[in-house]
Amino acid sequence: MRALWQKLYGWLDERIGFDDFYKNLLDRPEPRGNWWNTLGSASLFLFIMQVLTGIFLTVYYNPSPDHAYESILYIMNDVQFGWLVRGIHHWGASLMVLVVFIHMLRTFVTASYKYPRELTWLVGIGLLLITIGMGFTGYLLPWHQMAYWATTVGTAIAGSVPFLGDFILQALRGGPDLSALTLQRFYAAHIWILPLLLGGLIGFHLFLIIKHGESHWPDKED
Amino acid sequence: MNEETKTQINAKYERELQRGERFWPDSIYKDAIVALGIFLLLVMLATFVGVHDSPKADPSDTSYIPRPEWYFLFLFKFLALYGQIPILGKIEWIATVLIPGVAIGILTLLPFIDKSPHRYYAKRALPLAIMFIMVLGIVLLTMLADYPTVAHDGSGLPGLIQAVAGLVVPAIVYIAFTVMAYTLRERAVRAITVTAALGGALMVAFTVLAMVAFPLPAQETAEVPATLSDQISAGQDLYSIHCVECHGDDGMVEIISGVAGLEGKVVSIINSRDVLYTVNDASMAEIISYGRPDSGMPPLGRAYNPEGLTRAEIDYIVLFMRYTWDDRFEAPYIPPLYPPLAEGEVPTYSVHIQPIVKRYCISCHRPGKDSNAYYMDTYANILNSGDNAGKNVIAGDMNSYLIQTIQHTEILDADGRVLVGVMPPTSQLKPDIIDVFIRWVMGGMPE
């Protein structure tokens, strides 16, 4: 049995190269870190939690004005542990915005955005804005009063841009008012467009972090 | 940045790596602990706090006060306060697009704006001070979000104080920063630090003043029925208030009697298969909302009646009708209207009487209805309102009008004419409900 396992490992290692993974990803030297340095990985963990719980929710959720509210009630009342998964997704969204924002503040305070990590910062701001976009689009999906009217006002703000405002408003809402189209649009943005963007940019962000290493905590010499 | 500085920075980083740690296992271990903590926190929040949804979206209810997710609250407050500024406040896009756009732009391009190679906090007084005021402003505006800008007497003083805390002081501090940075140059650190501390203290002080001087108005948080059985119960209560008069508590009425203006009108028997099998939920909700004005049914929906029901409430009524009368639907367990009484237990208004009254009496006994001005909408009104105030409920008296009429004994005046008819006029309460009323009155009507 053991021999078989070793054989299998050897075969895979020959083709994948676990040693390279270990050397390049895990066994990296790092400056002495502290607990503030865990905020980035905490954001990543929250993103993964949101993806997993979100996929579960799409199994039952129905993005139409007639059924969205009822499908959420069904998840909350009738699906086994539906209330737990939705609860984690709901609170995870708030926590993710908070953690990503504090992560940005930490980077600002330690000035980690300076050479050679300017691009990491730029991508990071993109991640922060998309995270907020995820919150904004996800908030409409339960199709309750608060969601409906908050989105009405939120999209109206986007509509106040000079010259382009009307176009942006119509593009966001799919018409002059909130409708089934708006819900479909926000749903598509929430489960496809923004998560794909977010996932891609996270990959780039991580690549840059591994390339340049985590920044060290600045002292008087810096 | 020249090559020499870059070499210096890289050399310093190499030295930090020499006396550093390994990603595995040193950093991963901390990350894992934080991830576990976050997971536990989320499970606790989902379990013990839960998610509080509002009623279903109702596009016709334009009176609903929108409230965004908490992380947008500061922006809403900022817009509200900005809108108070004379003249400039009317140009909406300055606050909605220009200022947030500039702030995000500066944040994005930060590495290219802040070109100094220094990272130590004491050498970065200006950027840290700017960020400090910004974050403090965001936190304070979020805290102020629910406080109204106009006081009860219509004065704009609360809004003014809030604007000082969230707009005026930060603006002045930012102008001061700019002036100091350009005039004092290298010596500006101390001045900037002191200004930031003073400005921050002023912002906090004005926020506290706004919150203490004009406290939050008491908010009524309506409980939203979340489960099917709660919604059916809510629907039954609403049906009892708005529909029973004409359609009867079982929906079997064919010819209306005893309703002013609609006497003798013929109505559909709404608990019949003819109605329930042929009218779907959406049509049923539309009928309740628009009414049948030509046949005498008033519009009950807010879209056609400013004081009417919300869409969610109408949906609850439809649910009640389906699960009570439609034989294709199987009703879930619905908790009893009031907790059953033990031997000798005296019922109270809030636990027992209120839900009963809401379902069986308020339909007629509320302001705007002809019921000898006897209103049963509050505890005080039940005890003391109407033409026969003082006689309706008397502690320990079986001859109280309420007790007599619900047992189908009419109250006659001195000439033998009917003063108060039997209650409810066209049906009779179940014995256990009558028993609750008797025990309540005999027990001294506890609240």
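Note that this is a predicted model, so its numbers are computed, not measured.

1. Some thoughts on the overall build of chain A
A tally of regular secondary structure across chain A gives nine helices and one strand. When the helices and strands of chain A are listed from N to C terminus, the series reads α-α-β-α-α-α-α-α-α-α. Taken over C-alpha atoms, the radius of gyration comes to 22 Å for chain A, far larger than the 17 Å a tight globule of 222 residues would show. For chain A, the spread of C-alpha atoms along the principal axes amounts to about 60 × 55 × 30 Å. Accessible surface for chain A amounts to roughly 11,100 Å². Of this, 70% is attributable to carbon and sulfur atoms. Computed over 14 positive and 16 negative side-chain charges, the inter-centroid distance for chain A is 5 Å.

2. A word on the overall build of chain B
Scanning chain B from terminus to terminus reveals 17 helices and three strands. With the principal axes as the frame, chain B shows a C-alpha extent of 110 × 55 × 50 Å. Burial status across chain B gives 39% buried among its 447 residues. Residue pairs at least 24 apart in sequence account for 55% of intrachain contacts in chain B once pairs closer than 6 positions are excluded. As displayed, chain B offers around 24,700 Å² of accessible surface, 63% of which is attributable to carbon and sulfur atoms. Distance between charge centroids for chain B: 16 Å, based on 32 positive and 47 negative side chains.

3. Looking at a nonpolar patch on the surface
All names here are of chain B. A contiguous nonpolar surface patch, about 880 Å² in accessible area, is contributed by Leu 88, Ile 91, Trp 93, Leu 98, Ile 99, Val 102, Ile 106, Leu 109, Phe 112 and Ile 113. Among the secondary structure elements, those contributing two or more residues to the nonpolar patch are helix 4 (92-108) and helix 5 (110-113). For the nonpolar patch, the element with the highest residue contribution is helix 4, accounting for five residues. Along the chain, Ile 113 falls in helix 5. The exposure class of Ile 113 is exposed, given its relative accessible area of 52%.

4. A few points about the interface of chain A and chain B
Between chain A and chain B, the contact holds 82 residues from the first and 77 residues from the second. Summing the contributions of chain A and of chain B, the shared interface buries around 7,700 Å²; its carbon and sulfur component is 66%. The shortest N-O distance in the salt bridge between Lys12(B) and Asp222(A) comes to 3.4 Å. Scanning the region where chain A abuts chain B turns up 45 residue pairs in polar contact (both at pLDDT 80 or more). Secondary-structure elements contributing two or more residues to the side of chain A that touches chain B are helix 2 (18-26), strand 1 (29-30), helix 3 (39-60), helix 4 (68-77), helix 5 (82-109), helix 6 (118-140) and helix 7 (145-158) of chain A. At 17 residues, the largest contribution of residues to the side of chain A that touches chain B is made by helix 5 of chain A.

5. Quick notes on the packing of helix 3 of chain A against helix 5 of chain A
Residues and elements named next belong to chain A. The N-to-C vectors of helix 3 and helix 5 enclose an angle of 155°; their axes lie 8 Å apart at closest approach. Accordingly, the angle class assigned to the pair helix 3 and helix 5 is roughly antiparallel. The interaxial crossing formed by helix 3 with helix 5 has left-handed handedness. In terms of residue class, the contact of helix 3 with helix 5 is built from 15 nonpolar, nine polar and two charged.

6. Quick look at helix 14 (residues 349-360) of chain B
All names here are of chain B. Taken together, the buried positions of helix 14 are Tyr 349, His 352, Ile 353, Pro 355, Ile 356, Val 357 and Arg 359. Elements that come into contact with the buried residues of helix 14 comprise helix 9 (228-242), helix 15 (379-383) and helix 17 (431-442). The N-cap residue of helix 14 is Thr 348: its side-chain oxygen and the backbone nitrogen of Val 351 are 3.4 Å apart.

7. Observations regarding unusual backbone geometry
Following Tyr115(A), the chain continues into Pro116(A) via a peptide bond in cis, with omega recorded as 5°. By the secondary structure assignment, Pro116(A) is in the loop between helix 5 and helix 6. Following Met423(B), the chain continues into Pro424(B) via a peptide bond in cis, with omega recorded as -15°. When you line up the elements, Pro424(B) lands in the loop between strand 3 (418-420) and helix 17. The phi angle at Trp143(A) is positive, at roughly 55°, despite the residue not being glycine. Relative to the helices and strands, Trp143(A) is located in the loop between helix 6 and helix 7. Judged by relative accessible area, Trp143(A) falls into the buried class, the value being 4%. At Ile87(B), a residue that is not glycine, the phi angle is positive and equals roughly 60°.

8. Considering the pattern of salt bridges
Opposite charge on two side chains makes pairing possible when the charged atoms of those side chains draw close. For the structure shown, the criterion picks out 25 salt bridges over all chains. The closest approach of N and O atoms between Asp27(A) and Arg22(B), which form a salt bridge, is 3.2 Å. Of the two residues, Asp27(A) is situated in the loop between helix 2 and strand 1 and Arg22(B) in strand 1 (residues 21-22); the pairing between them involves two chains. Accessibility expressed as a relative area gives 23% for Asp27(A), which makes it partly exposed. Using a relative accessible area of 34% as the deciding quantity, one classes Arg22(B) as partly exposed. Salt bridges sharing partners connect three or more residues here, namely Asp219(A), Glu221(A), Asp222(A), Lys12(B), Arg15(B), Glu16(B) and Arg19(B).

9. Thoughts on the packing of helix 1 (residues 2-16) of chain A against helix 2 of chain A
Residues and elements named next belong to chain A. One can describe the packing of helix 1 onto helix 2 by two numbers: an axis separation of 7 Å at closest approach and a directional angle of 60°. Of the possible angle classes, the one that applies to helix 1 and helix 2 is oblique. Contact with helix 1, carried on its side by Tyr 9, Leu 12, Asp 13 and Ile 16, involves Phe 18, Asp 19 and Phe 21 of helix 2 and no other residues of that element.

10. Quick notes on the domain arrangement of chain B
Along its sequence, chain B is carved into domain 1 (23-52), domain 2 (60-213), domain 3 (228-325) and domain 4 (349-442). Domain 1 of chain B and domain 3 of chain B are separated by 49 Å when their C-alpha centres are compared.

11. Observations regarding the nonpolar core
One broad trend across soluble globular proteins is that nonpolar side chains are buried collectively. Counting residues in each nonpolar core, the largest one holds 37 residues, and the members touching the most others are Met104(A), Trp121(A) and Leu198(A). At the level of elements, helix 3, helix 5, helix 6 and helix 9 (180-212) of chain A together with helix 2 (23-49) and helix 6 (125-144) of chain B are the ones that each hand at least two residues to this core. In this structure, this core is formed jointly by two domains, domain 1 (23-52) and domain 2 (60-213) of chain B, each of which donates at least three residues. Setting aside chain neighbours within four positions, we find Trp121(A) in contact with Met104(A), Thr107(A), Phe108(A), Tyr113(A), Leu107(B), Thr108(B), Leu110(B) and Pro111(B).

12. Considering the state of the cysteines
Disulfides are covalent bonds that connect the sulfur atoms of two cysteines. Residue and element names in this part refer to chain B. Tallied over the full model, the rule gives zero disulfides over all chains. Just so you know, Cys 243 is unpaired, no disulfide at all, and the nearest cysteine sulfur is the one on Cys 246, 8.9 Å from it. Residue classification places Cys 243 among the buried positions, given a relative accessible area of 10%. You can call Cys 246 buried: its relative accessible area is 17%.

Calculation notes
- Residues numbered from 1 in each chain as written.
- Chains lettered and ligands numbered in written order.
- Predicted model: local features only at pLDDT ≥ 70, side-chain atom pairs only at ≥ 80, totals over all residues.
- Heavy atoms only, no water.
- Helix = DSSP H or I, 4+ residues; strand = E, 2+ residues; numbered from the N terminus.
- Rg over C-alpha atoms; globule rule 2.2 N^0.38 Å.
- Areas by Shrake-Rupley, 256 points an atom, 1.4 Å probe, with all protein chains shown as cover.
- Lys, Arg positive; Asp, Glu negative; His and termini not counted.
- Charge placed at Lys NZ, Arg CZ, Asp CG, Glu CD.
- Buried < 20%, exposed > 50% of the residue type's maximum accessible area, 1.4 Å probe, protein only.
- Contact = heavy atoms within 4.5 Å.
- Patch = residues over 30% accessible without salt bridge, like charges linked within 9 Å, V, L, I, M, F, W, Y side chains within 5 Å.
- Salt bridge = Lys/Arg side-chain N within 4 Å of Asp/Glu carboxyl O.
- Buried area = accessible area lost by both parts, 1.4 Å probe.
- Polar contact = N/O pair within 3.5 Å; in protein donor to acceptor, adjacent residues only side chain to side chain.
- Axes fitted to C-alpha atoms, helices over the stretch in contact; angles between N-to-C directions.
- Parallel < 35°, antiparallel > 145°, perpendicular 65-115°, else oblique.
- Left-handed = near helix turned anticlockwise from the far one by under 90°.
- Nonpolar A, V, L, I, M, F, W, Y, C, P; charged D, E, K, R; others polar.
- Domains from an automatic or database assignment.
- Core = buried A, V, L, I, M, F, W, Y, C linked by side-chain atoms within 4.5 Å.
- Disulfide = S-S within 2.5 Å.

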